[in-house]
There are 2 protein chains.
Amino acid sequence: MRSSRPTVLDVARLAGVGASTVSRCLRGGPHLRPEVQERILRAIAELGYEPNEVARSLRGGRTNTIGVVFPHIANTFFSLCIQQIEQEATRRGWTVMLLSHQESVAQQSKQLAVLRRSRVDGVILTPAPGSDPEQVRKELHGMPVVALDRPLWTGVDHVMLRNREAAEMATQHLLGHGYGEIACATASPEIYSFVERIAGYRAAMARAGLGDELILAEDYTRLRAAAGEALRRRPTLRAIISLSNMATFAVVQAIRDVKHEGEREVAMIGFDDVDFATLVEPAITVVRQPTEAFGHEAVALLVQRLTEEAATPLQQRLLAAELVVRASCGCAYRD
Amino acid sequence: MRSSRPTVLDVARLAGVGASTVSRCLRGGPHLRPEVQERILRAIAELGYEPNEVARSLRGGRTNTIGVVFPHIANTFFSLCIQQIEQEATRRGWTVMLLSHQESVAQQSKQLAVLRRSRVDGVILTPAPGSDPEQVRKELHGMPVVALDRPLWTGVDHVMLRNREAAEMATQHLLGHGYGEIACATASPEIYSFVERIAGYRAAMARAGLGDELILAEDYTRLRAAAGEALRRRPTLRAIISLSNMATFAVVQAIRDVKHEGEREVAMIGFDDVDFATLVEPAITVVRQPTEAFGHEAVALLVQRLTEEAATPLQQRLLAAELVVRASCGCAYRD
DNA sequence: TTGTATGCGTTATCAG
DNA sequence: CTGATAACGCATACAA
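It should be emphasised that the depicted structure is a prediction, and the values quoted were computed from it without experimental measurement.

This part takes up the overall build of chain A. Helices and strands together make up the secondary structure of chain A, namely twelve helices and twelve strands. The C-alpha radius of gyration computed for chain A amounts to 26 Å, which surpasses the reference 20 Å derived for 335 residues by more than 25%, pointing to a less compact arrangement than a globule. Across the 335 residues in chain A, those meeting the buried criterion constitute 54%. At a minimum sequence separation of 6, the contacts of chain A that also span at least 24 residues come to 69%. Summed over its atoms, the accessible surface of chain A is roughly 14,400 Å², and 51% of this surface lies on carbon and sulfur atoms.

Here the focus is helix H4 (residues 53-60) of chain A. For H4(A), the N-terminal capping position is held by A:Asn52, with its side-chain oxygen 2.7 Å away from the main-chain nitrogen of A:Val54. Immediately beyond the C-terminal end of H4(A), within one or two residues, lies A:Gly61, with a positive phi of roughly 75°.

Below, the discussion takes up the protein's contact with DNA strand C. Around DNA strand C lies a shell of 24 residues, among which A:Thr21, A:Arg59, B:Tyr49, B:Arg56 and B:Arg59 are the nearest. Sugar and phosphate atoms form 62% of the subset of DNA strand C atoms that lie within 4 Å of the protein. In the model, a phosphate oxygen of DNA strand C is placed 2.5 Å from a nitrogen or oxygen of the A:Thr21 side chain. Side-chain polar atom of B:Ser23 to a phosphate oxygen of DNA strand C: 2.9 Å apart, as the coordinates give it. Of all the secondary-structure elements, those providing two or more residues to the surface near DNA strand C are helix H2 (19-26) and H4 of chain A together with helix H2 (19-26) and helix H4 (53-60) of chain B. For the surface near DNA strand C, the class distribution of residues is eight nonpolar, nine polar and seven charged.

Once that is clear, we can look at the domain arrangement of chain A. Here chain A is partitioned into domain 1 (8-51), domain 2 (65-162 + 291-319) and domain 3 (163-288). Placing the centre of domain 1 of chain A and that of domain 3 of chain A at their C-alpha centroids yields a distance of 64 Å.

All right, on to unusual backbone geometry then. Each neighbour pair has its own omega, and for A:Glu281 with A:Pro282 the value is -5°, a cis peptide bond. The backbone phi angle of B:His141 is positive, close to 50°, even though this residue is not glycine. Tracing the backbone through its elements, the reader meets B:His141 in the loop between helix H7 (133-140) and strand S4 (145-148). The exposure class assigned to B:His141 is partly exposed, which follows from its relative accessible area of 40%.

Now for the interface of chain A and chain B. Across the contact, 53 residues belong to chain A and 51 residues belong to chain B. For the pair chain A and chain B, the two sides together bury roughly 5,000 Å², of which 53% comes from carbon and sulfur. Sorting the residues of chain A by area buried against chain B places A:Arg117, A:Arg119 and A:Leu279 first, and these three jointly supply 15% of that buried surface. Applying the counting rule to chain A against chain B returns four salt bridges. Between B:Glu50 and A:Arg116 there is a salt bridge whose closest N-O contact spans 2.5 Å.

On to the pairing of S4(B), then. All names here are of chain B. Of the two faces of S4, the one lined by Val-145 and Ala-147 and the one lined by Val-146 and Leu-148 are each fully buried. Bridge analysis of strand S3 (residues 122-125) against S4 gives three bridges, and the strand direction is parallel. Each residue of the ladder has a partner; that of Ile-124, found in S4, is Val-146. Remark: the S3/H7/S4 crossover connection has right-handed handedness. Pairing of S4 with strand S5 (residues 157-161) involves three bridges; the strand directions are parallel. By the bridge assignment, Ala-147 is partnered in S5 with His-158.

Our focus in this paragraph is the packing of helix H8 (residues 163-176) of chain B against helix H9 (residues 192-207) of chain B. Residue and element names in this part refer to chain B. Running from N to C, H8 and H9 point in directions that differ by 40°, and their axes come no closer than 7 Å. Judged by the angle between their axes, H8 and H9 are oblique. Of the two elements, H8 crosses H9, and the hand of that crossing is right-handed. Between H8 and H9, the residues in contact are Asn-163, Arg-164, Ala-167, Glu-168, Thr-171, Gln-172 and Leu-175 and Tyr-192, Ser-193, Glu-196, Arg-197, Ala-199, Gly-200, Tyr-201, Ala-203, Ala-204, Met-205 and Arg-207, respectively.

Next up on the list: the pattern of salt bridges. All names here are of chain A. Enumeration over the complete set of coordinates arrives at 60 salt bridges over all chains. Measuring nitrogen to oxygen at the nearest pair gives 3.0 Å for the salt bridge that ties Asp-257 to Arg-224. A residue pair is termed long-range when its members are at least 10 positions apart, and Asp-257 in helix H11 (residues 245-261) and Arg-224 in helix H10 (residues 220-233) qualify at 33 residues. Arg-317 is paired through a salt bridge with Glu-297; the nearest N and O atoms lie 2.4 Å apart. Here Arg-317 is found in strand S11 (residues 316-319), whereas its partner Glu-297 is found in helix H12 (residues 291-307), with 20 residues between them in sequence. Judged by its relative accessible area of 19%, Glu-297 falls in the buried class.

Let us now look at the packing of helix H6 (residues 105-118) of chain B against H7(B). All names here are of chain B. The N-to-C vectors of H6 and H7 enclose an angle of 25°; their axes lie 9 Å apart at closest approach. What the angle tells us is that H6 and H7 run roughly parallel. Judged by residue contacts, Gln-108, Ser-109, Leu-112 and Arg-116 of H6 engage Gln-135, Val-136, Glu-139 and Leu-140 from H7. Split into classes, the residues belonging to the contact of H6 with H7 amount to three nonpolar, three polar and two charged.

On to the relation of the copies chain A and chain B. The transformation that overlays chain A on chain B combines an axial shift of 0.0 Å with a rotation of 180°, and the residual RMSD is 0.0 Å. When the rotation and shift are considered jointly, the pair of chain copies conforms to a two-fold rotation axis.

The next thing to look at is the nonpolar core. Grouped together as the largest cluster of nonpolar side chains are 96 residues, with contacts concentrated most on A:Ile66, A:Ile124, B:Ile66 and B:Ile124. Non-local contacts of B:Ile66, meaning those with residues more than four positions away in its chain, are made with B:Ala89, B:Trp94, B:Thr95, B:Val96, B:Met97, B:Val120, B:Gly122, B:Ile124, B:Leu302 and B:Leu306.

Our focus in this paragraph is the protein's contact with DNA strand D. Taken together, 23 residues sit near DNA strand D, with A:Val8, A:Tyr49, A:Arg56, A:Arg59 and B:Thr21 positioned nearest. By atom count, sugar and phosphate contribute 61% of the portion of DNA strand D lying within 4 Å of the protein. Measuring from a base nitrogen of DNA strand D, one finds a side-chain N or O atom of B:Ser20 at 2.7 Å. Contact between DNA strand D and B:Arg24: a base nitrogen at 3.0 Å from a side-chain N or O atom of the residue. Among the secondary structure elements, those contributing two or more residues to the surface near DNA strand D are H2 and H4 of chain A together with H2 and H4 of chain B. For the surface near DNA strand D, the per-class residue count stands at eight nonpolar, nine polar and six charged.

Here is what the cut-offs are and how they apply
- Residues numbered from 1 in each chain as written.
- Chains lettered and ligands numbered in written order.
- Predicted model: local features only at pLDDT ≥ 70, side-chain atom pairs only at ≥ 80, totals over all residues.
- Heavy atoms only, no water.
- Helix = DSSP H or I, 4+ residues; strand = E, 2+ residues; numbered from the N terminus.
- Rg over C-alpha atoms; globule rule 2.2 N^0.38 Å.
- Buried < 20%, exposed > 50% of the residue type's maximum accessible area, 1.4 Å probe, protein only.
- Contact = heavy atoms within 4.5 Å.
- Areas by Shrake-Rupley, 256 points an atom, 1.4 Å probe, with all protein chains shown as cover.
- Polar contact = N/O pair within 3.5 Å; in protein donor to acceptor, adjacent residues only side chain to side chain.
- Near = heavy atom within 4 Å.
- Nonpolar A, V, L, I, M, F, W, Y, C, P; charged D, E, K, R; others polar.
- Domains from an automatic or database assignment.
- Buried area = accessible area lost by both parts, 1.4 Å probe.
- Salt bridge = Lys/Arg side-chain N within 4 Å of Asp/Glu carboxyl O.
- Pairing = 2+ DSSP bridges.
- Right-handed = clockwise from strand over helix to strand, strands pointing away.
- Axes fitted to C-alpha atoms, helices over the stretch in contact; angles between N-to-C directions.
- Parallel < 35°, antiparallel > 145°, perpendicular 65-115°, else oblique.
- Left-handed = near helix turned anticlockwise from the far one by under 90°.
- Least-squares fit on C-alpha atoms with pLDDT ≥ 70 in both.
- Core = buried A, V, L, I, M, F, W, Y, C linked by side-chain atoms within 4.5 Å.

Written as structure tokens, this is what we have:
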């Protein structure tokens, strides 16, 4: 059953040629007599030969594999990115090794060690909050890396959202509807993208001469509670911006909680075009991140660097978010 | 920069021992003088040596990698499974190569070829609909496989839901609420799990002496339309069961579409505990699949078979679904 | 145009 | 207890 598979040598023997000739035939070498090539191809088919990528990797020093390390896999933002990465990698003939670090620096270290030992050619990484850039640089040990969604250190290729602009845009939109008191909700406010989005929100509020109110929490269960509390404490608070898909979920719940206690309309703009955005009433206006571009660009950048001849200059992609206007922001319903 | 990394030989030289001694030290061989071990460990630390898994794989004939092939990655059911698989694999010291086939048999063939050439030790596969089992068996070429969510051929390890029971349970629940006309909605009715769930639904309806009505479509946009149409065509239709997270989404939309046209209450039970289930009004009663168990069991089964001494008997896990009762089925609201 | 020999980094074997 | 050696499968340099 587990009969060991045929090697180039088996093919060579059957075709009555040398091993290197078979190798050349496989790799499309030009120096081949058609007749010989024919014999080799037949031998390959007959034996069901397939090259051993492990041996190729050892010999060539390249694995044709990229390591992908994300905080979580099931979070819709990341799973959409991963989906895109897998497809783009497959399309280009690369293979993906998937790992997650659960937002833990320690776990991230372990996973990077796995990638080092596996000799992957490059890495796509969304670093855990609190990562020491210099430490990560060492742990990468020279493996080319593309930072996705969060920065690593200046001088590394990355693909990120224009976080500030995105949050500003949302805030502006709410301000345009006449809301003066607008809160901003997120868990894990130490995570880079949230830091930036908070800054964007604050900038917009400051420009309008208004104060800001942050609703923060360690996790999303607490965020729901915190948002509810904020709404109760401040009856004049009528609008909230949430900074991620999870936060959006929590805020929707909080608003519903408060609504149940008495009449109270609260406008909101969510982050990420979650599927429930169009299902709830009113439909949620959201800041949509271009997840396809995240995945596509990350792979493109990495592959480019892995196959470059001369040194490619630093590549940094700053992606624009899109405001998908629905009803929750105060706009007329128009679905 | 790309200075090639130290090898066992470098470590051996620095420690003043032979290469195999270093190897034994690494693999925890018992035959080592403490003094020598000390020297080796120091050399390893000094050089920053890390074993090359590629070479190990070539030498050992095992890659410590499992291939995971799913239809899609971003579908919440699959992404939850993948998340669990990655965690369980990492915990056990295995590595995951992630691929998707987009429900295409041709794409699946290509991905299995990638896995063959990569010499992964085993595969977790959710086969594309229309797969020829014998063909897949050949394409696996002896690699141990665990089928997840959909069967492959009798005699292969698998982890699946008790689909019929799950659908029957949901149907029963609706029948218990007094609904006589209950429709069942899904796209891609050729996919195994949906076939089974349809059978379960029908069995329950037949047992109650009632006829069944299937709402089928090729994709989910059309399913939304088809469900809306069915509701309009048959004003007495007051309950729908949807067979997947995507179908649930479509049915919720359809019910909302119809509701907008006039007063009409439609009960429903969804499949998969999607996050929007608790956000819409009324909250959706759903059949919850134990995604953690899917991932965990799949890895456990596969690893067991990969590390078995003697031949392990066929392992088939049939997971039970859980009815999460909320309000959409007609039960009192109780959140 | 083709074949032979060598090495990629490990580990198992076997002799010391 | 330890060290030299061979082999895993492939691709390259070089010889023919």
